[in-house]
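Inside the fold
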Number of protein chains: 2
Amino acid sequence: MTVTIKDVAKLANVAPSTVSRVIADSPRISEETKQKVKRAMEQLGYHPNINARNLVSKSTQTIGLVMPSSKDVGFQNPFFPTVLQGISEGAQEKYYALHMTTGKSEKEILDAVIQMVEGRRVDGVVLLTSRVRDQVSSYLRKRKFPFVLIGKPYQDIEEITHVDNDNIRAMKEATEYLLHLGHRHIAFIGGTRELMVTLDRLDGYEKALQEAGILVKPEYIVHEEFLREGGQEAVRELMALDEPPTALVVADDFMALGVLNTLDELGIQVPQDLSIVSFNNVLLAEMSRPPLTSVDINIFELGYQATKNLILMIENDKEPVKRLIISHRLVERSSCAKYN
Amino acid sequence: MTVTIKDVAKLANVAPSTVSRVIADSPRISEETKQKVKRAMEQLGYHPNINARNLVSKSTQTIGLVMPSSKDVGFQNPFFPTVLQGISEGAQEKYYALHMTTGKSEKEILDAVIQMVEGRRVDGVVLLTSRVRDQVSSYLRKRKFPFVLIGKPYQDIEEITHVDNDNIRAMKEATEYLLHLGHRHIAFIGGTRELMVTLDRLDGYEKALQEAGILVKPEYIVHEEFLREGGQEAVRELMALDEPPTALVVADDFMALGVLNTLDELGIQVPQDLSIVSFNNVLLAEMSRPPLTSVDINIFELGYQATKNLILMIENDKEPVKRLIISHRLVERSSCAKYN
DNA sequence: ATGAAAGCGCTAACAC
DNA sequence: GTGTTAGCGCTTTCAT
């Protein structure tokens, strides 16, 4: 029924091992037999059985992807397809396949990861988001299994290869941009504090203010856990303060869109009444009104570098631990104005 | 080094086959030995090698996912993560894993699919988008390999199990909604004609107009191939016609956002000057200004049903061909007004 | 440069 | 109810 290496061997009048060598493009096979075997493969429509190959070779040429929880907001964020593009391109170039894990809870995800690692389905793993106290990364570390984290590790930062932006600096610069425009009342809107990226960006925000000698006010710091519901309310409260901010740094374009929306309802004009700097610079940023000044963090590159380096680690087990910092740049559009 | 079924067998004082039966939870094993074996597995930290299992059992418990070309606009569309959520939930429930294929060109994608099918990496495939003259679906059909298409097949519609919306009717209703509001000059903005979904929606648009006795004007039909560049221009031309439309049906929320943007630049107010009905009802639709009246097509369900039915097909090879139509509904928001 | 043979870790007859 | 055994399709020594 299914055509195996033996069938090819028979037709080509060689041993199965020779066929195997042809597949691996071994240099110790004469060009002549190579052609002969290839013709036979062609003729029979032969395709190697990957499971058999994986079983004996103890490698799979596939990379495991750990997605954020499927009921997470992150899943809806355009960040996600873009980083996937980068990962997939990095994998494709080296002929690696992609295996996905998802799950609704942290536990489901961890279980799925354990299954795929212990079951020898993958040679390495890319973690798509860095969460505080992430169990998956702890497990992989203990297991000494090759993996790369996109984002900043919660702990053991010197020992986990990761690719990240310098989010502290990036947000510091974003905040300073507003400072230079004359703003003194700048609020921060970010996602859940469970995400390392939120923590770093908050950090950068505070640093910028401190350096400028401006007091960091707790009421100016908002964490929108939910994209829609929570957000609306939070923005309303923020703008209802005795001393409302004149500018906002928002940790994500998608979030910024929601903010823009709420502001519109409140009759607050951007950038005339309020300036906004956002983050990530996804397609959305230029499609919103006003188009958002946003920090481009090179999402594609995050994914691409993560995969490239994971493959390096897989193929060379003494590849050193690396910390790859992807560059960012502020893209000015129309959501900011001078404060007078 | 790695612990195998034999090690477990030895420790538990049983035969390897018994261990295998315990894993498969065979009813012919006494509760007592089951416990004994499970303890041994626990103690040794045993995990089954999936490749070995796949090799002999000729099944993989994994589903292949065929994504749109990674350089495609579709990739950026929020449709994509949402449908993935549905797929992943359907798979998870039946303990199926997910294997992804991507590629930059149609050819790369086809090759990747052939590899994963012939290599016996997956038991079935779900195709995420339906394109005109899609080679992947032709290949799978010829190969008689289980697959489900999300969207409407280009050909052999009676012979390909697919899950789709009734896009013709949905767009017809959307158009009629505008008709009922008094609009007589309604234009259509859709994606590339390479996508079946575009064709169907265009069809529904034309049907609605015809039934209403309104002439379908070619200059009212716009296909934005590129989300940004092309779109801007197309919308401008449309609004610069001698008789510009008073309403728009747009085949996608993401596209609608771009349209909204261009209209704003042109100083055209929605819905006062122009009404818009959009499609898909992703999160974006309620975050835009004005919030978009959009046809909810139940994206999650598309993915979920596709996977569920694929698994049925995998597990029962005489499962009949099915055509699953997912319901839709118009969600009214603020992008439409009566025409006076 | 090529062949023979062992075995990767598992399942599934077939015995008993 | 459990053990024995023969592969699944491939790669990889070890010969020659």
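Keep in mind that what you see is a predicted model, and the values were worked out from it rather than measured. (Residues numbered from 1 in each chain as written. Chains lettered and ligands numbered in written order. Predicted model: local features only at pLDDT ≥ 70, side-chain atom pairs only at ≥ 80, totals over all residues. Heavy atoms only, no water.)

Quick notes on the protein's contact with DNA strand D
Formally: Note on definitions. A residue lies near a molecule or strand when any single heavy atom of the residue is within 4 Å of it. N or O atoms within 3.5 Å of each other form a polar contact, as long as, within protein, one can give a hydrogen and the other can take it, and as long as residues adjacent in sequence are counted only when both atoms are side-chain atoms. Working definition: helices are DSSP H or I runs of at least four residues, strands are E runs of at least two. Numbering for both runs from the N terminus. Gly is put with the polar residues, along with every residue not named as nonpolar or charged; the nonpolar set is Ala, Val, Leu, Ile, Met, Phe, Trp, Tyr, Cys and Pro, and the charged set is Asp, Glu, Lys and Arg.
Around DNA strand D sit 27 residues in total, of which Ile5 and Tyr46 of chain A together with Ser17, Thr18 and Arg21 of chain B are the nearest. The contact in question runs from a base oxygen of DNA strand D to an N or O atom on the side chain of Arg21 of chain A, over 3.2 Å. Breaking the surface near DNA strand D down by element, the ones donating at least two residues are helix H2 (16-23) and helix H4 (50-57) of chain A together with helix H2 (16-23) and helix H4 (50-57) of chain B. Examining the composition of the surface near DNA strand D, we find that four residues originate from one element, H4 of chain A, more than from any other. Split into classes, the residues belonging to the surface near DNA strand D amount to 11 nonpolar, 11 polar and five charged.

As for the interface of chain B and chain A
Here is the rule we go by: Residues are treated as being in contact if the distance between any of their heavy atoms lies within 4.5 Å. Accessible surface is computed with a 1.4 Å probe, and the buried area is the amount of it that two parts give up when combined, taken over both parts together. Any Lys or Arg side-chain nitrogen found within 4 Å of a carboxyl oxygen on Asp or Glu counts as a salt bridge.
Listed as interface residues are 53 residues of chain B and, on the opposing side, 52 residues of chain A. Between chain B and chain A, a total of about 5,300 Å² is buried, with carbon and sulfur atoms accounting for 57% of that surface. Three residues, Asn51, Met287 and Arg289 of chain B, lead the burial of chain B against chain A; their summed loss comes to 15% of the area buried on that side. The tally of links between chain B and chain A comes to four salt bridges. Across the pair Arg289 of chain B and Asp264 of chain A runs a salt bridge whose closest N-O atoms are separated by 3.7 Å. The tally of links from chain B across to chain A stands at 15 residue pairs in polar contact (both at pLDDT 80 or more). Breaking the side of chain B that touches chain A down by element, the ones donating at least two residues are H4, strand E1 (62-66), helix H5 (79-93), strand E2 (97-101), helix H6 (106-118), helix H11 (253-266) and helix H12 (283-287) of chain B.

Notes on the protein's contact with DNA strand C
The immediate surroundings of DNA strand C are formed by 26 residues, with Thr18 and Arg21 of chain A together with Ile5, Ser20 and Tyr46 of chain B found nearest. Expressed as a percentage, the sugar and phosphate content of the atoms of DNA strand C within 4 Å of the protein is 65%. Ser17 of chain A is positioned such that a nitrogen or oxygen atom in its side chain is 3.2 Å from a base nitrogen of DNA strand C. Between DNA strand C and Lys58 of chain A there is a distance of 3.1 Å, counted from a sugar or linking oxygen to a side-chain nitrogen or oxygen. Of all the secondary-structure elements, those providing two or more residues to the surface near DNA strand C are H2 and H4 of chain A together with H2 and H4 of chain B. Per-element tally for the surface near DNA strand C: the top contributor is H4 of chain B, with four residues. Split into classes, the residues belonging to the surface near DNA strand C amount to 11 nonpolar, 10 polar and five charged.

So, the UniProt feature "domain: HTH lacI-type" (unreviewed entry) in chain A
To keep it simple, the criterion reads: UniProt positions are given in the numbering used here, feature names are shortened, and annotations may be inferred rather than shown by experiment.
The UniProt record annotates "domain: HTH lacI-type" (unreviewed entry) at residues 3-57 of chain A. Secondary structure content for residues 3-57 of chain A is 69% helix and 0% strand, while the C-alpha to C-alpha distance between its ends is 20 Å.

Details of the sheet that holds strand E12 (residues 329-331) of chain B
All names here are of chain B. The criterion, for reference: Think of it this way: DSSP has to see at least two bridges between two strands before they count as a pair. Simply put, an axis is a line fit to the C-alpha atoms, just over the touching stretch for a helix, and the angle between two N-to-C directions goes from 0 to 180 degrees.
One open sheet holds the six strands; their spatial order is E7-E6-E8-E9-E10-E12, and the pairing between them is mixed. Among the strands making up the open sheet, the edge pair consists of strand E7 (221-223) and E12. Direction aside, the axes of adjacent strands within the sheet are offset by 20 degrees on average. Bridge count between strand E9 (residues 275-280) and strand E10 (residues 293-296): four bridges; the pairing is parallel. Across the sheet, Phe279 pairs through a bridge with Val295, a residue of E10. Contacting strand E6 (186-190), strand E8 (247-250), E9 and E10, H11 crosses the sheet at an angle of about 155 degrees to E9.

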